[in-house]
Amino acid sequence: MSLYQLTAHTLHKKLKEREITAVELTESVYNRIDAVEPHVKGYLELTKELALEQAAAADAGFQNGDDMPSLAGIPIAIKDVICTKGVRTTCGSKILRNFVPPYDATVMTKLHQQGIVMLGKTNMDEFAMGSSTENSAYQITHNPWNLETIPGGSSGGSAAVVSADMAICSLGSDTGGSIRQPAALCGVVGMKPTYGRVSRYGLVAFASSLDQIGPFTKDVTDCALLLNAICGHDPMDSTAVDEPVPDFTQSLINDVKGLKVGVPKEYFTEGLMQEVADKVNAAIAVLEEHGAIINKDISLKHTEYAIATYYIIAPAEASANLARYDGVRYGYRTEKPEDLLNMYKKTRSEGFGPEVKRRIMLGTFALSAGYQDAYYRKAQKVRTLIRKDFDAAFEKVDVIATPTSPTSAFKIGERTEDPLQMYLSDVMTTPASHAGLPGISIPCGLTTDGLPIGLQLLAKPFAEEMLLRVAYSFEQNTEHHKQKPNL
Ligand code: GLN
(Lines give C-alpha, C1' and ligand atoms only; values in the text may rest on other atoms or scores of the structure.)
Protein backbone atom coordinates (compact mmCIF):
# COMPACT_ATOMS: atom_id res chain seq x y z
CA MET A 1 0.00 0.00 0.00
CA SER A 2 1.12 3.56 -0.67
CA LEU A 3 1.63 5.93 2.24
CA TYR A 4 -1.32 8.12 1.26
CA GLN A 5 -3.66 5.15 1.70
CA LEU A 6 -2.80 4.52 5.34
CA THR A 7 -4.46 5.64 8.56
CA ALA A 8 -2.98 8.16 10.98
CA HIS A 9 -2.39 5.55 13.69
CA THR A 10 -0.49 3.28 11.27
CA LEU A 11 1.53 6.21 9.96
CA HIS A 12 2.34 7.39 13.48
CA LYS A 13 4.09 4.08 14.19
CA LYS A 14 6.09 4.35 10.98
CA LEU A 15 7.07 7.94 11.73
CA LYS A 16 8.01 7.09 15.28
CA GLU A 17 10.17 4.16 14.21
CA ARG A 18 11.62 6.45 11.56
CA GLU A 19 10.68 4.01 8.86
CA ILE A 20 9.32 7.00 6.91
CA THR A 21 9.57 10.78 7.18
CA ALA A 22 6.72 13.26 7.34
CA VAL A 23 8.14 14.98 4.25
CA GLU A 24 7.96 11.70 2.29
CA LEU A 25 4.44 11.14 3.54
CA THR A 26 3.36 14.68 2.64
CA GLU A 27 4.84 14.34 -0.83
CA SER A 28 3.08 11.04 -1.30
CA VAL A 29 -0.26 12.68 -0.45
CA TYR A 30 0.38 15.62 -2.82
CA ASN A 31 1.29 13.17 -5.61
CA ARG A 32 -2.03 11.50 -5.04
CA ILE A 33 -3.71 14.92 -5.13
CA ASP A 34 -2.01 15.69 -8.45
CA ALA A 35 -3.34 12.43 -9.85
CA VAL A 36 -6.98 12.49 -8.75
CA GLU A 37 -7.91 16.03 -7.69
CA PRO A 38 -8.67 17.08 -11.30
CA HIS A 39 -11.52 14.52 -11.21
CA VAL A 40 -12.73 15.03 -7.64
CA LYS A 41 -12.20 18.78 -7.07
CA GLY A 42 -12.31 18.52 -3.29
CA TYR A 43 -9.88 21.33 -2.51
CA LEU A 44 -10.35 25.07 -2.86
CA GLU A 45 -6.75 25.79 -1.98
CA LEU A 46 -3.59 23.77 -1.45
CA THR A 47 -0.88 25.01 0.89
CA LYS A 48 1.97 22.76 -0.19
CA GLU A 49 4.87 25.01 0.68
CA LEU A 50 3.59 25.54 4.19
CA ALA A 51 2.79 21.83 4.50
CA LEU A 52 6.33 20.81 3.61
CA GLU A 53 7.70 23.22 6.21
CA GLN A 54 5.37 21.75 8.82
CA ALA A 55 6.40 18.23 7.78
CA ALA A 56 10.08 19.13 8.11
CA ALA A 57 9.43 20.51 11.59
CA ALA A 58 7.72 17.26 12.60
CA ASP A 59 10.63 15.27 11.18
CA ALA A 60 13.08 17.28 13.26
CA GLY A 61 11.12 16.28 16.37
CA PHE A 62 11.06 12.59 15.41
CA GLN A 63 14.77 12.66 14.61
CA ASN A 64 15.47 14.20 17.99
CA GLY A 65 13.69 11.31 19.60
CA ASP A 66 11.13 13.71 21.13
CA ASP A 67 7.92 12.26 22.46
CA MET A 68 5.80 13.29 19.49
CA PRO A 69 1.99 13.60 19.63
CA SER A 70 -0.08 11.06 17.68
CA LEU A 71 -0.92 13.48 14.89
CA ALA A 72 2.56 14.94 14.42
CA GLY A 73 3.47 14.93 10.74
CA ILE A 74 0.02 13.68 9.68
CA PRO A 75 -1.39 15.43 6.56
CA ILE A 76 -4.83 16.82 7.33
CA ALA A 77 -7.32 18.82 5.22
CA ILE A 78 -9.47 21.59 6.69
CA LYS A 79 -12.96 22.66 5.66
CA ASP A 80 -12.89 26.21 4.38
CA VAL A 81 -15.31 27.37 7.09
CA ILE A 82 -12.52 27.17 9.71
CA CYS A 83 -10.26 30.19 10.09
CA THR A 84 -6.63 29.52 9.26
CA LYS A 85 -4.16 32.27 10.04
CA GLY A 86 -2.63 33.67 6.87
CA VAL A 87 -4.48 31.17 4.67
CA ARG A 88 -7.54 32.31 2.73
CA THR A 89 -10.85 31.19 4.23
CA THR A 90 -13.72 31.68 1.80
CA CYS A 91 -16.51 29.59 3.33
CA GLY A 92 -17.33 28.63 -0.25
CA SER A 93 -18.63 32.16 -0.79
CA LYS A 94 -17.75 34.94 -3.19
CA ILE A 95 -18.30 37.42 -0.40
CA LEU A 96 -15.25 36.07 1.44
CA ARG A 97 -13.13 35.34 -1.62
CA ASN A 98 -10.29 37.54 -0.39
CA PHE A 99 -10.63 36.96 3.33
CA VAL A 100 -7.35 35.99 5.01
CA PRO A 101 -7.96 35.46 8.72
CA PRO A 102 -5.50 37.20 11.04
CA TYR A 103 -5.90 34.37 13.56
CA ASP A 104 -6.34 30.61 13.84
CA ALA A 105 -9.54 28.94 15.01
CA THR A 106 -9.02 27.19 18.35
CA VAL A 107 -9.14 23.78 16.63
CA MET A 108 -6.28 24.90 14.37
CA THR A 109 -4.21 26.08 17.33
CA LYS A 110 -4.79 22.69 18.92
CA LEU A 111 -3.87 20.80 15.75
CA HIS A 112 -0.72 22.85 15.31
CA GLN A 113 0.24 22.06 18.90
CA GLN A 114 0.11 18.42 17.79
CA GLY A 115 2.42 19.24 14.89
CA ILE A 116 0.05 18.36 12.05
CA VAL A 117 0.68 19.07 8.39
CA MET A 118 -2.10 21.18 6.87
CA LEU A 119 -2.68 20.18 3.24
CA GLY A 120 -5.17 22.85 2.25
CA LYS A 121 -8.76 24.03 2.50
CA THR A 122 -11.66 21.95 1.26
CA ASN A 123 -14.69 22.82 -0.82
CA MET A 124 -18.10 23.26 0.81
CA ASP A 125 -21.59 24.59 0.27
CA GLU A 126 -21.56 28.36 0.68
CA PHE A 127 -21.65 29.14 4.41
CA ALA A 128 -22.27 25.41 5.02
CA MET A 129 -25.80 25.66 3.62
CA GLY A 130 -26.52 22.60 1.56
CA SER A 131 -26.38 18.82 1.35
CA SER A 132 -24.46 18.26 -1.86
CA THR A 133 -21.63 20.84 -2.03
CA GLU A 134 -23.28 22.14 -5.22
CA ASN A 135 -23.89 25.48 -3.46
CA SER A 136 -20.18 26.32 -3.46
CA ALA A 137 -19.51 29.56 -5.33
CA TYR A 138 -16.35 28.00 -6.79
CA GLN A 139 -16.69 24.43 -8.00
CA ILE A 140 -18.58 21.18 -7.79
CA THR A 141 -16.94 18.36 -5.87
CA HIS A 142 -17.46 14.88 -7.27
CA ASN A 143 -18.03 11.76 -5.21
CA PRO A 144 -14.93 9.55 -5.60
CA TRP A 145 -17.14 6.42 -5.78
CA ASN A 146 -18.97 7.71 -8.84
CA LEU A 147 -17.86 11.00 -10.32
CA GLU A 148 -21.35 11.73 -11.64
CA THR A 149 -22.74 11.87 -8.12
CA ILE A 150 -22.49 14.42 -5.31
CA PRO A 151 -20.29 13.81 -2.25
CA GLY A 152 -22.94 15.05 0.19
CA GLY A 153 -22.66 18.33 2.00
CA SER A 154 -22.00 20.75 3.24
CA SER A 155 -18.57 19.30 4.10
CA GLY A 156 -18.43 17.43 0.78
CA GLY A 157 -14.84 18.45 0.08
CA SER A 158 -13.59 17.19 3.44
CA ALA A 159 -15.37 13.85 2.99
CA ALA A 160 -14.30 13.38 -0.63
CA VAL A 161 -10.60 14.06 -0.04
CA VAL A 162 -10.42 11.45 2.74
CA SER A 163 -12.37 8.95 0.66
CA ALA A 164 -10.08 9.54 -2.35
CA ASP A 165 -6.94 9.25 -0.18
CA MET A 166 -6.06 12.89 -0.87
CA ALA A 167 -5.79 13.46 2.91
CA ILE A 168 -5.23 11.10 5.81
CA CYS A 169 -8.07 12.77 7.67
CA SER A 170 -9.91 16.08 7.72
CA LEU A 171 -12.08 18.44 9.70
CA GLY A 172 -15.60 19.44 8.79
CA SER A 173 -18.51 21.14 10.49
CA ASP A 174 -21.99 19.84 11.18
CA THR A 175 -25.02 22.05 11.76
CA GLY A 176 -27.77 19.69 10.64
CA GLY A 177 -25.77 16.77 9.29
CA SER A 178 -22.89 18.23 7.32
CA ILE A 179 -20.32 15.81 8.70
CA ARG A 180 -22.41 12.67 9.07
CA GLN A 181 -24.22 12.80 5.72
CA PRO A 182 -21.15 13.35 3.48
CA ALA A 183 -19.25 10.75 5.53
CA ALA A 184 -22.02 8.26 4.75
CA LEU A 185 -22.15 9.15 1.07
CA CYS A 186 -18.36 8.97 0.66
CA GLY A 187 -17.83 5.80 2.71
CA VAL A 188 -15.71 7.27 5.52
CA VAL A 189 -16.08 7.77 9.28
CA GLY A 190 -17.50 11.15 10.35
CA MET A 191 -18.38 12.37 13.81
CA LYS A 192 -20.35 15.32 15.09
CA PRO A 193 -19.34 15.74 18.73
CA THR A 194 -21.77 16.88 21.44
CA TYR A 195 -22.69 20.56 21.10
CA GLY A 196 -20.15 22.32 23.32
CA ARG A 197 -17.48 19.61 23.15
CA VAL A 198 -15.36 21.48 20.61
CA SER A 199 -14.70 25.21 20.55
CA ARG A 200 -16.41 27.16 17.78
CA TYR A 201 -13.97 30.03 18.09
CA GLY A 202 -12.82 30.74 14.54
CA LEU A 203 -15.54 28.63 12.95
CA VAL A 204 -17.44 30.96 10.60
CA ALA A 205 -20.92 31.00 12.13
CA PHE A 206 -23.92 29.54 10.31
CA ALA A 207 -26.41 28.62 13.07
CA SER A 208 -24.62 29.12 16.35
CA SER A 209 -26.85 26.93 18.52
CA LEU A 210 -26.23 23.97 16.21
CA ASP A 211 -22.75 24.34 14.64
CA GLN A 212 -20.06 21.91 15.74
CA ILE A 213 -16.65 20.96 14.30
CA GLY A 214 -15.71 17.30 13.94
CA PRO A 215 -13.45 14.76 12.22
CA PHE A 216 -13.55 12.73 8.99
CA THR A 217 -11.29 9.69 9.10
CA LYS A 218 -10.62 6.35 7.43
CA ASP A 219 -11.37 4.39 10.58
CA VAL A 220 -12.72 4.73 14.11
CA THR A 221 -9.28 4.70 15.77
CA ASP A 222 -8.28 7.81 13.82
CA CYS A 223 -11.59 9.41 14.79
CA ALA A 224 -10.66 8.96 18.47
CA LEU A 225 -7.21 10.46 17.85
CA LEU A 226 -8.56 13.52 16.09
CA LEU A 227 -11.22 14.01 18.78
CA ASN A 228 -8.53 13.87 21.45
CA ALA A 229 -6.80 16.69 19.65
CA ILE A 230 -9.73 19.08 19.15
CA CYS A 231 -12.04 18.70 22.17
CA GLY A 232 -12.02 20.78 25.31
CA HIS A 233 -13.02 23.94 27.09
CA ASP A 234 -12.05 27.24 25.55
CA PRO A 235 -12.36 30.64 27.22
CA MET A 236 -12.83 32.12 23.73
CA ASP A 237 -16.15 30.30 23.22
CA SER A 238 -18.70 30.59 26.01
CA THR A 239 -20.52 27.48 24.72
CA ALA A 240 -17.41 25.26 24.82
CA VAL A 241 -18.29 23.36 27.96
CA ASP A 242 -15.87 22.91 30.82
CA GLU A 243 -16.26 19.10 30.95
CA PRO A 244 -13.34 16.75 31.42
CA VAL A 245 -12.14 15.31 28.11
CA PRO A 246 -11.36 11.60 28.39
CA ASP A 247 -8.66 9.87 26.37
CA PHE A 248 -10.94 8.65 23.60
CA THR A 249 -8.55 5.90 22.53
CA GLN A 250 -9.52 4.14 25.77
CA SER A 251 -12.98 3.62 24.25
CA LEU A 252 -11.66 1.53 21.39
CA ILE A 253 -12.93 -1.69 22.91
CA ASN A 254 -14.20 -4.55 20.80
CA ASP A 255 -17.08 -5.51 23.06
CA VAL A 256 -20.76 -4.66 22.81
CA LYS A 257 -22.03 -7.45 25.07
CA GLY A 258 -25.04 -6.30 27.04
CA LEU A 259 -25.10 -2.81 25.48
CA LYS A 260 -28.60 -1.67 24.63
CA VAL A 261 -29.11 -0.45 21.08
CA GLY A 262 -32.34 1.38 20.28
CA VAL A 263 -33.76 1.23 16.77
CA PRO A 264 -36.45 3.89 16.33
CA LYS A 265 -39.23 3.00 13.87
CA GLU A 266 -39.59 6.70 12.93
CA TYR A 267 -36.33 6.43 10.96
CA PHE A 268 -37.45 3.48 8.85
CA THR A 269 -40.29 5.08 6.96
CA GLU A 270 -41.30 6.20 3.51
CA GLY A 271 -38.52 7.83 1.53
CA LEU A 272 -35.87 5.48 2.90
CA MET A 273 -34.18 3.58 0.08
CA GLN A 274 -34.73 -0.17 0.45
CA GLU A 275 -31.06 -0.98 -0.01
CA VAL A 276 -30.13 1.51 2.70
CA ALA A 277 -32.66 -0.03 5.09
CA ASP A 278 -31.35 -3.52 4.32
CA LYS A 279 -27.70 -2.68 4.94
CA VAL A 280 -28.47 -0.75 8.12
CA ASN A 281 -30.58 -3.65 9.42
CA ALA A 282 -27.75 -6.03 8.57
CA ALA A 283 -25.35 -3.79 10.53
CA ILE A 284 -27.67 -3.82 13.53
CA ALA A 285 -27.80 -7.62 13.26
CA VAL A 286 -23.98 -7.70 13.46
CA LEU A 287 -24.15 -5.80 16.75
CA GLU A 288 -26.79 -8.23 18.00
CA GLU A 289 -24.68 -11.25 17.03
CA HIS A 290 -21.91 -9.84 19.17
CA GLY A 291 -24.09 -9.56 22.22
CA ALA A 292 -25.82 -6.17 21.96
CA ILE A 293 -29.46 -6.11 23.02
CA ILE A 294 -31.67 -4.59 20.34
CA ASN A 295 -34.65 -2.55 21.48
CA LYS A 296 -37.15 -1.58 18.80
CA ASP A 297 -39.53 -0.25 21.37
CA ILE A 298 -38.25 3.28 21.67
CA SER A 299 -40.18 6.17 20.30
CA LEU A 300 -38.87 9.41 18.86
CA LYS A 301 -42.26 10.62 17.89
CA HIS A 302 -41.41 14.20 16.98
CA THR A 303 -38.85 13.10 14.37
CA GLU A 304 -41.17 14.06 11.52
CA TYR A 305 -41.02 17.72 12.59
CA ALA A 306 -37.23 17.92 12.74
CA ILE A 307 -36.69 19.23 9.20
CA ALA A 308 -39.42 21.89 9.40
CA THR A 309 -38.07 22.99 12.78
CA TYR A 310 -34.51 23.05 11.48
CA TYR A 311 -35.47 25.21 8.49
CA ILE A 312 -36.87 27.83 10.84
CA ILE A 313 -34.15 27.82 13.51
CA ALA A 314 -31.08 27.51 11.29
CA PRO A 315 -32.08 30.26 8.82
CA ALA A 316 -33.18 32.51 11.71
CA GLU A 317 -29.74 32.27 13.28
CA ALA A 318 -28.05 32.51 9.90
CA SER A 319 -29.91 35.70 9.01
CA ALA A 320 -28.48 37.33 12.14
CA ASN A 321 -24.99 35.84 11.72
CA LEU A 322 -24.70 36.89 8.09
CA ALA A 323 -25.68 40.50 8.75
CA ARG A 324 -21.99 41.22 9.30
CA TYR A 325 -21.15 40.81 5.60
CA ASP A 326 -22.02 44.31 4.60
CA GLY A 327 -19.06 45.31 2.45
CA VAL A 328 -17.62 47.42 5.24
CA ARG A 329 -15.77 44.97 7.44
CA TYR A 330 -15.14 41.78 5.49
CA GLY A 331 -14.20 40.62 2.09
CA TYR A 332 -16.05 41.65 -1.00
CA ARG A 333 -17.39 45.16 -1.63
CA THR A 334 -19.28 46.21 -4.75
CA GLU A 335 -17.63 48.70 -7.05
CA LYS A 336 -18.87 52.26 -7.52
CA PRO A 337 -21.99 52.19 -5.34
CA GLU A 338 -24.31 55.19 -5.57
CA ASP A 339 -24.61 55.67 -1.83
CA LEU A 340 -24.20 53.76 1.42
CA LEU A 341 -27.48 51.88 1.30
CA ASN A 342 -26.85 50.95 -2.30
CA MET A 343 -23.38 49.72 -1.32
CA TYR A 344 -24.86 47.34 1.28
CA LYS A 345 -27.50 46.10 -1.13
CA LYS A 346 -25.24 45.56 -4.11
CA THR A 347 -22.48 43.97 -2.05
CA ARG A 348 -24.87 41.44 -0.58
CA SER A 349 -26.74 40.77 -3.76
CA GLU A 350 -23.51 40.19 -5.72
CA GLY A 351 -21.61 38.45 -2.94
CA PHE A 352 -24.12 35.84 -1.75
CA GLY A 353 -25.39 32.91 -3.80
CA PRO A 354 -29.08 31.96 -4.20
CA GLU A 355 -29.30 29.45 -1.33
CA VAL A 356 -27.75 31.87 1.15
CA LYS A 357 -30.18 34.58 0.06
CA ARG A 358 -33.08 32.16 0.42
CA ARG A 359 -32.01 31.36 4.00
CA ILE A 360 -31.57 35.02 4.92
CA MET A 361 -35.08 35.75 3.68
CA LEU A 362 -36.58 32.74 5.44
CA GLY A 363 -34.79 33.61 8.67
CA THR A 364 -35.62 37.28 8.59
CA PHE A 365 -39.27 36.42 7.98
CA ALA A 366 -39.38 33.87 10.81
CA LEU A 367 -37.94 36.45 13.22
CA SER A 368 -39.98 39.41 12.11
CA ALA A 369 -42.50 41.13 14.39
CA GLY A 370 -45.86 39.44 14.14
CA TYR A 371 -44.45 36.14 12.85
CA GLN A 372 -41.92 35.40 15.54
CA ASP A 373 -44.39 33.60 17.82
CA ALA A 374 -45.92 31.59 15.02
CA TYR A 375 -42.60 30.42 13.58
CA TYR A 376 -39.46 30.97 15.58
CA ARG A 377 -40.90 30.44 19.06
CA LYS A 378 -42.98 27.51 17.92
CA ALA A 379 -39.89 25.93 16.40
CA GLN A 380 -38.01 26.36 19.67
CA LYS A 381 -40.80 24.55 21.48
CA VAL A 382 -40.74 21.66 19.03
CA ARG A 383 -36.97 21.54 19.41
CA THR A 384 -37.48 20.97 23.14
CA LEU A 385 -39.94 18.16 22.42
CA ILE A 386 -37.40 16.48 20.12
CA ARG A 387 -34.80 16.70 22.85
CA LYS A 388 -37.24 15.23 25.39
CA ASP A 389 -37.91 12.27 23.09
CA PHE A 390 -34.20 11.52 23.10
CA ASP A 391 -33.94 11.97 26.88
CA ALA A 392 -36.70 9.39 27.35
CA ALA A 393 -35.15 7.00 24.83
CA PHE A 394 -31.76 7.18 26.54
CA GLU A 395 -33.40 6.03 29.79
CA LYS A 396 -33.86 2.71 28.02
CA VAL A 397 -30.87 2.38 25.66
CA ASP A 398 -27.17 3.23 25.44
CA VAL A 399 -27.07 4.09 21.76
CA ILE A 400 -29.54 4.64 18.97
CA ALA A 401 -28.83 3.16 15.53
CA THR A 402 -30.36 4.57 12.33
CA PRO A 403 -29.46 5.15 8.70
CA THR A 404 -27.39 8.34 8.29
CA SER A 405 -29.00 9.38 5.01
CA PRO A 406 -32.25 8.13 3.48
CA THR A 407 -30.52 7.53 0.13
CA SER A 408 -27.08 6.92 -1.28
CA ALA A 409 -25.31 9.67 -3.26
CA PHE A 410 -27.58 11.23 -5.87
CA LYS A 411 -26.65 12.55 -9.29
CA ILE A 412 -25.12 15.99 -9.66
CA GLY A 413 -27.90 18.42 -10.56
CA GLU A 414 -30.70 16.07 -9.51
CA ARG A 415 -31.97 18.15 -6.59
CA THR A 416 -30.69 21.65 -7.31
CA GLU A 417 -33.98 22.83 -8.79
CA ASP A 418 -36.00 21.67 -5.82
CA PRO A 419 -34.76 23.00 -2.47
CA LEU A 420 -37.31 20.95 -0.51
CA GLN A 421 -35.98 17.73 -2.02
CA MET A 422 -32.48 18.85 -1.06
CA TYR A 423 -33.57 19.66 2.49
CA LEU A 424 -34.95 16.14 2.89
CA SER A 425 -31.40 14.76 2.66
CA ASP A 426 -31.09 15.68 6.32
CA VAL A 427 -34.16 14.00 7.80
CA MET A 428 -32.03 11.50 9.69
CA THR A 429 -29.37 13.89 10.96
CA THR A 430 -31.21 17.06 12.04
CA PRO A 431 -33.02 15.52 15.07
CA ALA A 432 -29.74 14.86 16.91
CA SER A 433 -28.53 18.34 15.96
CA HIS A 434 -31.56 19.88 17.65
CA ALA A 435 -30.83 17.89 20.78
CA GLY A 436 -27.09 18.68 20.72
CA LEU A 437 -26.24 14.97 20.77
CA PRO A 438 -23.04 13.38 19.52
CA GLY A 439 -23.42 11.25 16.39
CA ILE A 440 -21.14 9.17 14.24
CA SER A 441 -21.57 7.77 10.75
CA ILE A 442 -19.62 4.66 9.80
CA PRO A 443 -19.56 2.73 6.52
CA CYS A 444 -21.87 -0.30 6.54
CA GLY A 445 -21.86 -1.49 2.95
CA LEU A 446 -22.47 -0.55 -0.66
CA THR A 447 -25.55 -0.39 -2.87
CA THR A 448 -25.71 -2.63 -5.94
CA ASP A 449 -24.49 0.44 -7.86
CA GLY A 450 -21.41 0.48 -5.68
CA LEU A 451 -22.26 3.57 -3.61
CA PRO A 452 -21.52 3.74 0.13
CA ILE A 453 -24.16 3.50 2.85
CA GLY A 454 -23.69 4.86 6.38
CA LEU A 455 -24.86 3.63 9.77
CA GLN A 456 -25.58 6.48 12.19
CA LEU A 457 -25.09 5.94 15.91
CA LEU A 458 -26.31 8.50 18.45
CA ALA A 459 -25.70 8.76 22.18
CA LYS A 460 -26.43 10.99 25.16
CA PRO A 461 -24.65 14.34 25.39
CA PHE A 462 -20.94 13.84 26.16
CA ALA A 463 -21.15 10.08 25.56
CA GLU A 464 -18.78 10.07 22.57
CA GLU A 465 -16.99 7.18 24.29
CA MET A 466 -20.06 4.99 23.89
CA LEU A 467 -20.28 5.84 20.19
CA LEU A 468 -16.62 5.05 19.64
CA ARG A 469 -16.89 1.73 21.43
CA VAL A 470 -19.88 0.54 19.41
CA ALA A 471 -18.45 1.90 16.15
CA TYR A 472 -15.07 0.30 16.85
CA SER A 473 -16.63 -3.07 17.64
CA PHE A 474 -18.63 -2.93 14.43
CA GLU A 475 -15.53 -2.07 12.45
CA GLN A 476 -13.48 -4.84 14.03
CA ASN A 477 -16.11 -7.41 13.08
CA THR A 478 -16.74 -6.24 9.50
CA GLU A 479 -14.79 -5.26 6.41
CA HIS A 480 -16.83 -2.32 5.10
CA HIS A 481 -14.30 0.34 6.09
CA LYS A 482 -11.67 -1.39 3.95
CA GLN A 483 -13.58 -0.86 0.72
CA LYS A 484 -12.18 1.92 -1.44
CA PRO A 485 -13.42 3.80 -4.47
CA ASN A 486 -11.81 2.80 -7.74
CA LEU A 487 -10.39 6.08 -8.99
N1 GLN B 1 -27.86 20.37 4.81
C2 GLN B 1 -28.20 21.14 5.96
C3 GLN B 1 -28.38 22.58 5.56
O4 GLN B 1 -28.37 22.85 4.43
C5 GLN B 1 -27.15 20.98 7.01
C6 GLN B 1 -25.94 21.75 6.72
C7 GLN B 1 -24.91 21.68 7.80
O8 GLN B 1 -24.94 20.80 8.66
N9 GLN B 1 -24.01 22.63 7.78
O10 GLN B 1 -28.53 23.45 6.36
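Let me sum up the structure you'll find in this document. (Residues numbered from 1 in each chain as written. Predicted model: local features only at pLDDT ≥ 70, side-chain atom pairs only at ≥ 80, totals over all residues. Heavy atoms only, no water.)

1. What about the packing of helix α9 (residues 306-321) against helix α12 (residues 373-396)?
1) Next: The contact between α9 and α12 brings their axes to 9 Å, and the two run at 125°. The angle between α9 and α12 places the two elements in the oblique class. Here the hand of the crossing between α9 and α12 comes out left-handed. In this structure, α9 uses A306, T309, I312, I313, A316 and E317 to contact α12, whose residues at the interface are Y375, Y376, A379, Q380, V382, R383 and I386.
2) Next: In the contact of α9 with α12, the residues fall into 9 nonpolar, 2 polar and 2 charged. (Axes fitted to C-alpha atoms, helices over the stretch in contact; angles between N-to-C directions. Helix = DSSP H or I, 4+ residues; strand = E, 2+ residues; numbered from the N terminus. Parallel < 35°, antiparallel > 145°, perpendicular 65-115°, else oblique. Left-handed = near helix turned anticlockwise from the far one by under 90°. Contact = heavy atoms within 4.5 Å. Nonpolar A, V, L, I, M, F, W, Y, C, P; charged D, E, K, R; others polar.)

2. Comments concerning the nonpolar core
1) Next: If you look at the biggest cluster of nonpolar residues, it comprises 153 residues, and the most contacted ones within it are L71, I82, L111, F127, F390 and I440.
2) Next: Considering each element in turn, this core owes the most residues, 9 residues, to α9.
3) Next: When near neighbours in sequence (up to four residues on either side) are disregarded, I82 contacts T89, A105, V107, M108, K121, L171, G172, G202, L203 and I213. (Core = buried A, V, L, I, M, F, W, Y, C linked by side-chain atoms within 4.5 Å. Buried < 20%, exposed > 50% of the residue type's maximum accessible area, 1.4 Å probe, protein only.)

3. Re the side chain of D219
1) Next: Tracing the backbone through its elements, the reader meets D219 in the loop between β6 (212-217) and α7 (220-230).
2) Next: Polar side-chain contacts of D219 include one of 3.4 Å to the backbone nitrogen of T221.
3) Next: One polar contact links the side chain of D219 to the main-chain amide nitrogen of D222, over a distance of 2.9 Å.
4) Next: Not counting residues up to four positions away in its chain, the partners in contact with D219 are T7, H9, V189, E475 and H481. (Polar contact = N/O pair within 3.5 Å; in protein donor to acceptor, adjacent residues only side chain to side chain.)

4. Digging into helix α5 (residues 156-163)
1) Next: Across the 8 residues of α5, 8 count as buried, placing the element largely inside the fold.
2) Next: By the burial criterion, the buried members of α5 are G156, G157, S158, A159, A160, V161, V162 and S163.
3) Next: Looking one or two places after α5, you find D165, whose phi comes out positive at around 60°.

5. Observations regarding the pairing of strand β10 (residues 439-446)
Every other side chain in a regular strand lies on the same face of the sheet, so the side chains alternate between the two faces.
1) Next: Most of β10 sits out of view: 7 of its 8 residues are buried.
2) Next: Pairing geometry for β10 and strand β11 (residues 452-458), over 6 bridges, is antiparallel. Within β11, the residue paired with S441 across the bridge is Q456.
3) Next: Linking β10 back to β11 in an antiparallel pair, the connection comprises 5 residues, with G450 at a positive phi of about 80°. (Pairing = 2+ DSSP bridges.)

6. Structural notes on the site of the ligand
1) Next: The environment of the ligand is made up of 15 residues, and the closest members are G176, S178, Y310, R359 and D426.
2) Next: In the environment of the ligand, an oxygen atom lies 2.8 Å from a nitrogen or oxygen atom belonging to the backbone of G130.
3) Next: A distance of 2.6 Å separates an oxygen atom of the ligand from a polar atom in the backbone of G176.
4) Next: When the ligand is considered free in solution it has 290 Å² of accessible area, and contact with the protein chains removes 100% of it.
5) Next: In the shell around the ligand, the residues fall into 5 nonpolar, 7 polar and 3 charged. (Near = heavy atom within 4 Å. Areas by Shrake-Rupley, 256 points an atom, 1.4 Å probe, with all protein chains shown as cover.)

7. Topic: the sheet that holds strand β8 (residues 293-295)
1) Next: Reading across from one edge, β1-β3-β2-β4-β6-β5-β10-β11-β9-β7-β8 is the order of the 11 strands in this open sheet, with mixed pairing throughout. For this open sheet the edge positions go to β1 (43-46) and β8, each flanked by a neighbour on one side alone. The mean angle between the axes of side-by-side strands here comes to 30°, regardless of whether they run parallel or antiparallel.
2) Next: Summarising the sheet, strand β4 (residues 169-174) and β6 pair through 5 bridges and their orientation is antiparallel. The partner of L171 across the bridge, within β6, is P215.
3) Next: Here helix α3 (residues 48-64) sits on the sheet in contact with β1 and β3 (117-122), set at roughly 155° to β3.

8. Details of the pattern of salt bridges
1) Next: Here the structure, examined in full by the defined rule, presents 17 salt bridges.
2) Next: R329 is the partner of D326 in a salt bridge, and the nearest nitrogen-oxygen pair spans 3.1 Å.
3) Next: Here D326 falls in the buried class, since its relative accessible area comes to 11%.
4) Next: A salt bridge links R359 to E355; the shortest N-O distance between them is 2.7 Å. One end of the pair, R359, and the other, E355, are both in helix α11 (residues 354-367), 4 residues apart, so they sit about a helical turn from each other.
5) Next: R359 sits in the buried class, given a relative accessible area of 1%.
6) Next: Since its relative accessible area comes to 9%, E355 is described here as buried.
7) Next: One network of salt bridges, in which partners are shared, links D165, K218 and K484. (Salt bridge = Lys/Arg side-chain N within 4 Å of Asp/Glu carboxyl O.)

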